[in-house]
Amino acid sequence: MHKILVTGGLGYIGSHTVVELQQDGFDVVVLDNLNNSKLEVKENIEAITGKPVDVIIADVNDSKALNDLFSSHHFDGVIHFAAHKAVGESVEHPIKYYHNNITGLISLLGVMERHKVSNLIFSSSCTVYGATKDLPVTETTKIQKAESPYGTTKILCEDIITDFAKHKEFKSILLRYFNPVGAHPSAKIGELPLGVPNNLVPYITQTAKGIREQLTIFGSDYNTKDGTCVRDYIHVVDLAKAHVKALEYVNGMKQHVDVFNVGTGNGNTVLEVIDAFEKVNDVKLNYQIGSRRAGDIEQIWADTSKVSKVLNWNAQYTINDMMKHAWAWQKTLK
Ligand code: NAD
Ligand code: UDP
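Analysis parameters
- Residues numbered from 1 in each chain as written.
- Chains lettered and ligands numbered in written order.
- Predicted model: local features only at pLDDT ≥ 70, side-chain atom pairs only at ≥ 80, totals over all residues.
- Heavy atoms only, no water.
- Near = heavy atom within 4 Å.
- Polar contact = N/O pair within 3.5 Å; in protein donor to acceptor, adjacent residues only side chain to side chain.
- Areas by Shrake-Rupley, 256 points an atom, 1.4 Å probe, with all protein chains shown as cover.
- Helix = DSSP H or I, 4+ residues; strand = E, 2+ residues; numbered from the N terminus.
- Buried < 20%, exposed > 50% of the residue type's maximum accessible area, 1.4 Å probe, protein only.
- Contact = heavy atoms within 4.5 Å.
- Core = buried A, V, L, I, M, F, W, Y, C linked by side-chain atoms within 4.5 Å.
- Axes fitted to C-alpha atoms, helices over the stretch in contact; angles between N-to-C directions.
- Left-handed = near helix turned anticlockwise from the far one by under 90°.
- Nonpolar A, V, L, I, M, F, W, Y, C, P; charged D, E, K, R; others polar.
- Expected span 1.5 Å × (residues − 1).
- Phe/Tyr/Trp six-rings, centres within 6.5 Å; stacked < 30°, edge-to-face > 60°.
- Lys NZ or Arg CZ within 6 Å of the ring centre and 35° of its normal.

Caption draft 1: Here's a closer look at the site of ligand 2. Looking at ligand 2, there are 15 residues lining it, with Thr216, Phe218, Arg231, Arg293 and Asp296 nearest. One of the backbone nitrogen or oxygen atoms of Leu200 is found 2.9 Å away from an oxygen atom of ligand 2. A distance of 2.5 Å is found between an oxygen atom of ligand 2 and a side-chain nitrogen or oxygen belonging to Asp296. In isolation ligand 2 has 510 Å² of accessible area, and contact with the protein removes 87% of it.

Here it is, written out as structure tokens:
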């Protein structure tokens with residue numbers, strides 16, 4: 001494993017993964033259409049690692065651009081981040097999501113097959129487990145019909161990769177991320193939400209910065225320790241490192257496809273996240289309790305024993321680190 005293609009490598013998780021790959025000695029080529037990222041991320045990655053990143057501005061749906069790229073490089077593996085990810089938007093614009101997330105994957109698999117590139121790491125999500133009562137979730141927890149077109153794309157992409165890999169010399173790892181938050185400790189890269197954030201942590205940091213007036217907690221009458229929802233928040237740098245471990249493992253694995261939960265194994269309530277943010281940063285947050293958000297799952301967190309045992313990966317950062325780094329990053333943004 002030496003040269004890796006990272007699709008969506010200028011995005012939030014992709015950029016942190018490119019840093020970890022470069023720091024681990026991989027040669028990285030990024031393909032991104034800047035749909036949800038900025039070209040300046042390239043310079044910020046380079047400022048952290050001190051190494052140049054080869055960035056190709058193109059769409060994964062552009063088979064000709066992909067073909068040209070695969071003709072001019074020999075890739076040992078691909079990490080496929082490029083996708084749309086806003087759950088609410090996917091409900092309003094399902095075709096946009098099916099097109100980008102599913103057709104994009106099919107286009108990529110076609111070019112990988114043509115050029116005999118046979119290792120793929122795919123970004124999946126704990127959303128595939130739906131509102132399960134089976135907690136913590138293991139990789140064998142039943143997959144449920146998705147609540148949104150976005151969730152459906154993740155289930156379908158997992159199925160497409162599994163079917164494709166079965167009859168080919170192809171190996172793939174599906175990583176089911178829990179809730180990625182935080183930013184690089186250098187504060188040079190982080191999340192760049194477009195418009196009003198839907199996710200908790202960017203909403204917290206934007207409220208603390210004064211961009212948003214007040215955070216609303218969506219429901220305090222859940223059956224959890226303080227009544228607010230529970231999620232398994234995972235530092236984006238820890239998540240990025242899991243991709244490096246997956247790449248190191250994928251080629252030698254016996255089965256064609258394997259799947260890993262990537263979380264900390266701990267659940268935190270919304271109130272605990274806010275409390276950590278306030279304490280670690282010494283900032284008072286303006287928030288109110290509001291009503292439940294439609295479609296929210298009461299609680300979910302990961303059983304991480306498989307990723308720990310097989311990939312020898314464990315989360316290192318705490319919720320306090322996540323809140324500290326998220327705030328340091330927010331403070332750098334205009
Ligand atoms: P992001 O939007 O920050 O990054 C995605 C990147 O892909 C962006 O840079 C975007 O410009 C690019 N892109 C999108 N469509 C493209 C296309 N057709 N061709 C080329 N580039 C394209 O998102 P992220 O948070 O870094 O998520 C990365 C992956 O992880 C996605 O597949 C997402 O569904 C998955 N995921 C994210 C989360 C999360 O909470 N952030 C959770 C679970 C899974
Ligand atoms: N949340 C909230 N207020 C917000 C955004 C999110 O209370 O403005 C809650 C949400 O109800 C959920 C948790 O924070 O319980 C995490 O939400 P997020 O959208 O970040 O992740 P997801 O729901 O997709 O796991």
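There is more to say, and it comes next.
Caption draft 2: Layout of the environment of Asp238. In this structure, Asp238 sits in helix α8 (residues 236-250). The exposure class of Asp238 is buried, given its relative accessible area of 0%. Excluding residues within four positions of it along the chain, Asp238 makes contact with Trp313, Asn314, Ala315, Gln316 and Tyr317.

Caption draft 3: Spotlight on the nonpolar core. Membership of the largest hydrophobic core comes to 38 residues, with the highest contact counts inside it found for Val6, Leu21, Val30, Ile45, Ile121, Ile173 and Leu175. Elements with a contribution of two residues or more to this core: β1 (3-7), α1 (12-23), β2 (27-32), α2 (40-49), β6 (171-177), α8 and β11 (257-262). Here the element with the most residues in this core is α8; it accounts for 8 residues. When sequence neighbours within four positions are dropped, the list of residues in contact with Leu21 reads Ile4, Val6, Phe26, Val28, Ile79, Val244 and Leu247. Among the nonpolar cores identified, the runner-up in size contains 28 residues, and Leu5, Val111, Phe122 and Val259 belong to it.

Caption draft 4: Region of interest: the packing of α1 against α2. Running from N to C, α1 and α2 cross one another at 35°; their axes reach a closest spacing of 10 Å. At the point where α1 passes α2, the crossing takes the right-handed sense. Here α1 contributes Ser15, Val18, Val19, Gln22 and Gln23 to the contact with α2, which in turn contributes Val41, Ile45, Ile48 and Thr49. Of the residues assigned to the contact of α1 with α2, the class counts are 5 nonpolar, 4 polar and no charged.

Caption draft 5: Quick look at helix α9 (residues 270-281). A rise of 1.5 Å per residue sets the reference length of α9, with its 12 residues, at 16 Å; its end C-alpha atoms lie 17 Å apart and thus fit the reference within 8%. Residues Val270, Val273, Ile274, Ala276, Phe277, Glu278 and Asn281 constitute the buried set of α9. The inward-facing, buried residues of α9 abut α7 (200-209), β8 (215-218), β10 (233-235), β12 (268-269), β13 (287-290) and α11 (319-332). Downstream of α9 by one or two residues, Asp282 has phi in the positive range, about 55°.

Caption draft 6: Region of the structure containing the packing of aromatic side chains. Overall, the coordinates contain 5 aromatic pairs when judged by the stated rule. Pairing Phe70 with Phe75 gives two aromatic rings, centres 5.1 Å apart and planes at 70°, and the pair type is edge-to-face. Comparing Phe70 with Phe75 shows no difference in burial state: the two are buried. With a centroid separation of 6.4 Å and an interplanar angle of 85°, the aromatic rings of Tyr249 and Phe260 are classed as edge-to-face. You can see Tyr249 sitting in helix α8 and its partner Phe260 sitting in strand β11, a full 11 residues away along the chain. Taking the relative accessible area as the measure of exposure, Phe260 reaches 0% and is therefore buried. The residue whose ring lies beneath Arg292 is Tyr222, and the NZ or CZ to ring-centre distance is 3.9 Å. Seen from the ring of Phe260, Lys306 lies directly overhead, with NZ or CZ sitting 4.8 Å from the centre.

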